[in-house]
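The chain contents come next:
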Amino acid sequence: MDILKVRYQYKPGAADKKMKKKNFEKGAIAIFEIMILIGSISAFSYFVGNEFGFVNAADITTVSSNLPDMMAEAKAALSSAPTPTAALSGVKNPYAFMGAENPSMYPAAGAGGAGGAGGAGGTSFVGWSQFGANLWANGMNILTNGGIAVALYYGTTYVLQWMGVSPQLSDSVSHAVGIGFGVGAAVGLLYSAATGTPLWGLALPFGGLVISGLGLIGAGIGVLIALFTYRDVRFDAVQFSCLPWHPVTGGADCEQCNKGALPCTEYKCESLGQSCKLLNSGTSDEMCVWNNRNDVYPPAITAWDGPLDKTQFEYDPYTATLPGDTGVVIKDKKTSDGCIPAFTRLTYGISLDKPGMCKIDTNRTDTFDEMAQAISSGEYLYNHTLMSVHGGLTELSNEGINLSNGGNFNVYVRCQSENGYSNVGTFVFKYCVQKSPDTTAPSIELTEPLNGWFVESGKTSQDVNIYTDKPADCKWSHNDESYDNMPNTMTCAQSITEMNANTYYKCSGTVDGLKDSTENDFYFNCKSYPLNNESDRYTMATDYKYILYGTQPLVIDSVTPDVGSTIKDSTQSVKVTLTAHTSAGYNKGQAYCDFKQTSQPDSAYVLFANTNSYQHSQDLWLDAGNYDYTIKCCDLAELNGNCATQSTQFSVESDFQPPTVVRVYNENNQLNIVTDEQSNCVYGTNSCSYNFADGINMTTTDFINHFTDWNTNSNYYVKCQDEFGNQPNPDECSITVRPFSSY
């Protein structure tokens, strides 16, 4: 099943470009107006400074020649003048620029201060105590300019957003204005307090206080920096598909398989082209040919209702607007307008008259190769399934996601045959998503672990993931209760952009209070759209009941070979069968068993060849030696589950020698032969040149002692064979015996 994320993957059309151009023009106009505003403030400040006699940069050149005399006269005038009650008192007070109430706090420029030496015509720095006093005197100006910086930030933000400037640019410029003004004002105030002199620059009287000229300059510089450094950042969802390799279309190279010294195989043939086929397989006349060479027609596409939920949806014929296009309209039978509710999983499909590879796109392209996404993992199939999930326009716009085609969607499909011929026209699926807000509650579509799953014995908590059909906040409880009363919250995807590859939204949490050998019940409830206003959120009407079954420990009842046993055979590599028998656990001993050599602790476990039951076995071929194996069995392979381990140690011997007769005697008038290992013995009466199968069997009860009648008139040509088939050569015997009588 393939997923079509049409919410994010769309190509901008004419409407998008027009809107982008319009926003750009608005942004340019807004920036121009801000620059005019800053320039106007500066000009106005300059005018006020001249009108009221404030010192400004333009005056410096005219007073530079008699500056010491002017400062001395100003100091004498100030010493006899009454203390001003406001920054603007009608007196041309150069210190009024800083709003100082006591001009004596600011000694004339060039006079040495308590904390530093001054020089004629230079700048003198005051002492630390005087600096603190000066700074304190400017307290109201500091607060005022701080408030102005904040007001500039919010005011600029409001104006720019009202003009339609993008949020990123608006935020960048607003920060530049606010921070630039604040930094400039701070520098000016600190400089004034440190030198005891008014700022040489622009000032704007405001309620008896002063807006810093350097603050305005800083704001302007900040705007320029923001404009030169601003970058429009955009996040695009990129979908990467790792598809299986396919041979080239057609079969132009099929005949190459029949050439050369090596034979042509089915794999080699089919790897040369999609339409290559091996004929006469398994005979001496095998050949690779181009199957259906003359098939130059693309697959014919029709709507397939196999995956469609026919209780809710239906196909209606659709007359395509472009020549060669065909298609259907998908309608929701449960809605009045036929549109699909937001976040509804829509599954539909196509059927072909021949196997084909198909692609889809949400924009109509000219060719098959230009289409965006292969479906069905790029396989050549008769039937292909598609799935779409769309957010509502309201929910999308709340997160700043704009759709160029509103609530209407087109999905274009083309398919290509194995010979490389694709449709000229497209097959179109048309449907619409409701524009009204989504007023439905979330639905829990999947859980991990699965609902009704098992947890290992002794575990008291379990990490759980639940997946909803839309962004939601979720909670859980041991009791069936309302969402608001549930005490345990989960960590959930908040935005519609956090949809996973299966078009679900993940919530994670940990449930606790698990008990062994019992059913553990939990209840989940979710509330939709965490980023919406509370009035636009909806909770599930009933809780989702979730069950985890506690289990009991898994037991390994037995393991073979037994500890200390020896396994023999007459081969270089001896076959050894590891076995294990399990019981208990989550399902009467059903488990998966693995093994590894105990002497290699860092090596990986290997799964038994025969397992997933209560009996497990694995054949090994081992050379002579001593072996130590660890066997590990777990009853829940997916989650590890209940596990148990057990070890066994055994020896392997290779036995290439036939049995040896170690004793011959007469017992109760019977010939008794004793061998050094378990074996079967036969005899002949003429010579050793006979087949073992043609010999006369001797009687045995333990395969060590072998008996036959005692006959003094006959020779016994005895051959013995052990359990591994070792026996004397065809012309040799294990022993030759001639009974005799002593009387």
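Counting from 1, residues in each chain are numbered in the order their sequence is written. Residues qualify for local features only when their pLDDT is at least 70, as the model is predicted, and side-chain atom pairs are given and counted only at 80 or more; totals for whole chains, interfaces and linings, by contrast, use all residues. Derived side-chain values reflect all non-hydrogen atoms in the structure, with water molecules and hydrogen atoms excluded from consideration.

J.: Whenever I open this one, the overall build of the chain confuses me. Can you help?
T.: By the criteria applied, helices consist of DSSP H or I runs no shorter than four residues and strands consist of E runs no shorter than two, each listed in order from the N terminus. When you go through the chain residue by residue, the secondary structure sums to nine helices and 38 strands. In what follows, a contact means two residues having at least one pair of non-hydrogen atoms within 4.5 Å. Taking contacts inside the chain between residues at least 6 apart in sequence as the whole, the part at least 24 apart equals 68%. For the chain, the exposed surface amounts to about 39,400 Å²; the carbon and sulfur share of it is 54%. Residue-level accessible areas treat just the shown protein chains as cover; the underlying method is Shrake-Rupley with a 1.4 Å probe.

J.: Just checking my understanding: could you explain the sheet that holds strand E16 (residues 461–468) for this structure?
T.: Within a sheet, neighbouring strands are paired by backbone hydrogen bonds and run either parallel or antiparallel to one another. DSSP-based pairing: two strands are paired if at least 2 bridges between them are found. Across the sheet, which stays open at both edges, the four strands sit in the order E14-E16-E20-E19 with antiparallel pairing between neighbours. What marks the edges here is a single partner per strand, and that holds for strand E14 (444–448) and strand E19 (491–492). Sheet topology places E14 next to E16; four bridges connect them, and they run antiparallel. Along E16, the bridge assignment pairs Thr 447 with Ile 466.

J.: Teacher, can you tell me more about the pattern of salt bridges here?
T.: Salt bridges are counted wherever a side-chain nitrogen of Lys or Arg sits within 4 Å of a carboxyl oxygen of Asp or Glu. Tallied over the entire structure, the rule returns 10 salt bridges. A salt bridge links Lys 331 to Asp 316; the shortest N-O distance between them is 3.2 Å. On the criterion of sequence distance, the pair formed by Lys 331 in strand E8 (residues 326–332) and Asp 316 in strand E7 (residues 313–318) is long-range, its members being 15 residues apart. Exposure remark for Lys 331: the relative accessible area of 35% places this residue in the partly exposed category. We classify Asp 316 as partly exposed; its relative accessible area is 22%. Look at the salt bridges and you will find they share partners, linking Asp 473, Lys 527, Glu 534 and Arg 537 into a network. Residue burial is assigned from relative accessible area. The probe radius is 1.4 Å, only protein chains are included, and a residue is buried under 20% of its type maximum, exposed over 50%, and partly exposed in between.

J.: I'm lost on the pairing of E16 in this one. Help?
T.: In the case of a regular strand, side chains alternate between the two sheet surfaces. Along E16, six of the eight residues are buried, which leaves the element largely enclosed by surrounding structure. Strand direction decides the pairing type here: E16 and strand E20 (residues 505–512), joined by eight bridges, are antiparallel. Residue pairing for E20: Ile 466 is matched across the bridge by Cys 507.

J.: I keep staring at the nonpolar core and nothing clicks. Help me out?
T.: We call a set of buried residues a nonpolar core when its members are Ala, Val, Leu, Ile, Met, Phe, Trp, Tyr or Cys and they connect through side-chain atoms within 4.5 Å of each other. The biggest cluster of nonpolar side chains holds 31 residues, and the ones touching the most others in it are Ile 330, Leu 346, Tyr 348, Ile 350, Val 413, Phe 429 and Tyr 431. Every element with two or more residues in this core is listed here: E7, E8, strand E9 (346–361), strand E12 (408–416) and strand E13 (427–432). Take this core: its biggest share by element is six residues, from E9. Discounting chain neighbours no more than four positions away, the residues touching Val 413 are Ile 301, Ile 350, Cys 358, Lys 359, Ile 360, Met 371, Thr 426, Phe 427 and Phe 429. Counting residues in each nonpolar core, the second largest holds 21 residues, with Ile 556, Leu 578, Phe 650 and Val 652 among its members.

J.: Quick question: what am I supposed to make of the state of the cysteines here?
T.: Such a bond, covalent and formed between the sulfur atoms of two cysteines, is termed a disulfide. Cysteine sulfur atoms that come within 2.5 Å of each other are treated as a disulfide pair. With the rule as written, the count across this model stands at 11 disulfides. The residue that forms a disulfide with Cys 269 is Cys 288, at a sulfur-sulfur distance of 2.0 Å. Judged by the sign of its S-S torsion, about 75°, the cystine formed by Cys 269 and Cys 288 is right-handed. Residue Cys 269 is found in helix H8 (residues 266–270), and its partner Cys 288 is found in strand E5 (residues 287–290); the two are separated by 19 residues along the sequence. For the pair Cys 269 and Cys 288, one class covers both residues: buried.

J.: For this particular structure, what's the right way to read the sheet that holds strand E22 (residues 544–550)?
T.: With mixed pairing, the five strands of this open sheet are ordered in space as E15-E22-E21-E17-E18. Two strands close off the open sheet at either side, each with one partner strand: strand E15 (453–455) and strand E18 (488–489). Note: E15 against E22, three bridges, orientation parallel. Within E22, the residue paired with Phe 454 across the bridge is Tyr 549.

J.: Would you take a moment to explain the pairing of E20 for this structure?
T.: A one-sided burial pattern is seen for E20, the buried positions being Tyr 505, Cys 507, Gly 509 and Val 511 and the unburied ones Lys 506, Ser 508, Thr 510 and Asp 512. Sheet analysis places E19 next to E20, joined by two bridges and oriented antiparallel. Of the residues in E20, the one forming a bridge with Thr 491 is Ser 508.

J.: Teacher, can you tell me more about the packing of aromatic side chains here?
T.: Each aromatic ring pair is characterised by the separation of its centres together with the angle its planes make. To pair, rings of Phe, Tyr and Trp, with the six-membered ring standing in for Trp, must have centres within 6.5 Å; the planes then decide the type, stacked if under 30 degrees apart, edge-to-face if over 60, and tilted in the middle. Going through the model one piece at a time under the given rule, you end up with 16 aromatic pairs. Geometrically, the ring pair formed by Tyr 315 and Phe 429 is tilted, given 6.2 Å between the ring centres and 45° between the ring planes. Linking Tyr 315 in strand E7 with Phe 429 in strand E13, this pair joins segments that are 114 residues apart in sequence. For the pair formed by Tyr 315 and Phe 429, the shared burial category is buried. Seen from the ring of Tyr 483, Lys 475 lies directly overhead, with NZ or CZ sitting 4.7 Å from the centre. To sit over a ring, a charge needs its Lys NZ or Arg CZ within 6 Å of the ring centre and within 35 degrees of the ring normal.

J.: When you look at the environment of His 175 in this model, what are you seeing that I'm missing?
T.: Along the chain, the position of His 175 falls in helix H6 (residues 167–195). The sequence separation of His 175 and Leu 152 amounts to 23 residues, and the corresponding C-alpha distance is 8.9 Å. Not counting the four nearest positions on each side in its chain, His 175 is found in contact with Tyr 153 and Gly 180.

J.: How do you make sense of unusual backbone geometry when you look at a structure like this?
T.: Outside of glycine, negative phi angles account for most residues, and trans bonds account for most peptide bonds. Between Glu 448 and Pro 449 the backbone carries a cis peptide bond, its omega angle lying at 0°. The topology assignment puts Pro 449 in the loop between E14 and E15. Here the residue pair Thr 560 and Pro 561 is connected by a cis peptide bond, since its omega of 5° sits within 30 degrees of zero. Note on placement: Pro 561 falls in the loop between strand E23 (554–560) and strand E24 (565–569). Unlike most non-glycine residues, Tyr 529 shows phi in positive territory, near 45°. Checked against the element boundaries, Tyr 529 lands in the loop between strand E21 (519–528) and E22.

J.: For this particular structure, what's the right way to read the side chain of Lys 527?
T.: Residue position: Lys 527 is located in strand E21. Take Lys 527: its relative accessible area is 12%, and that puts it in the buried class. Non-local contacts of Lys 527, meaning those with residues more than four positions away in its chain, are made with Pro 442, Pro 471, Ala 472, Asp 473, Tyr 483, Glu 534, Arg 537, Tyr 538 and Thr 539.

J.: Sorry, what's going on with a nonpolar patch on the surface here?
T.: Any residue with relative accessible area above 30% and no salt bridge may belong to a patch, with like charges joined within 9 Å and the nonpolar Val, Leu, Ile, Met, Phe, Trp and Tyr side chains within 5 Å. On the surface, a nonpolar cluster with roughly 400 Å² of combined accessible area is contributed by Tyr 158, Val 159 and Trp 162. Locating Tyr 158 in the fold gives a position in helix H5 (residues 139–162).

J.: It is not clear to me how the side chain of Asn 672 should be interpreted in this structure. Could you clarify?
T.: Within the secondary structure layout, Asn 672 lies in strand E32 (residues 670–675). For Asn 672, a relative accessible area of 0% translates into the label buried. For Asn 672, the residues in contact, after removing those within four places along its chain, are Arg 663, Val 664, Tyr 665, Glu 667, Asn 705, His 706 and Phe 707.

J.: Just to check I follow, could you spell out the confidence of the model for the chain for this structure?
T.: In low-pLDDT segments, the atomic positions of the prediction should not be examined closely. With 71% of its residues at a pLDDT of 70 or more, the chain shows a mean pLDDT of 78. pLDDT: the predictor's confidence for each residue, scored from 0 to 100. Here residues 74–122 scores under 50 on pLDDT; set against residues more than four positions off or in separate chains, the count is 71 contacts. Of the regions scoring below 50 in pLDDT, residues 400–405 engages in 12 contacts with residues more than four places distant in sequence or in other chains.

J.: Any chance you could explain the environment of Gly 324 here in plain terms?
T.: Looking at the element boundaries, Gly 324 is found in the loop between E7 and E8. When the C-alpha atoms of Gly 324 and Thr 426 are compared, they prove to be 7.1 Å apart, with 102 residues separating the residues in sequence. Setting aside residues no more than four positions away along its own chain, Gly 324 makes contact with Gly 425 and Thr 426.

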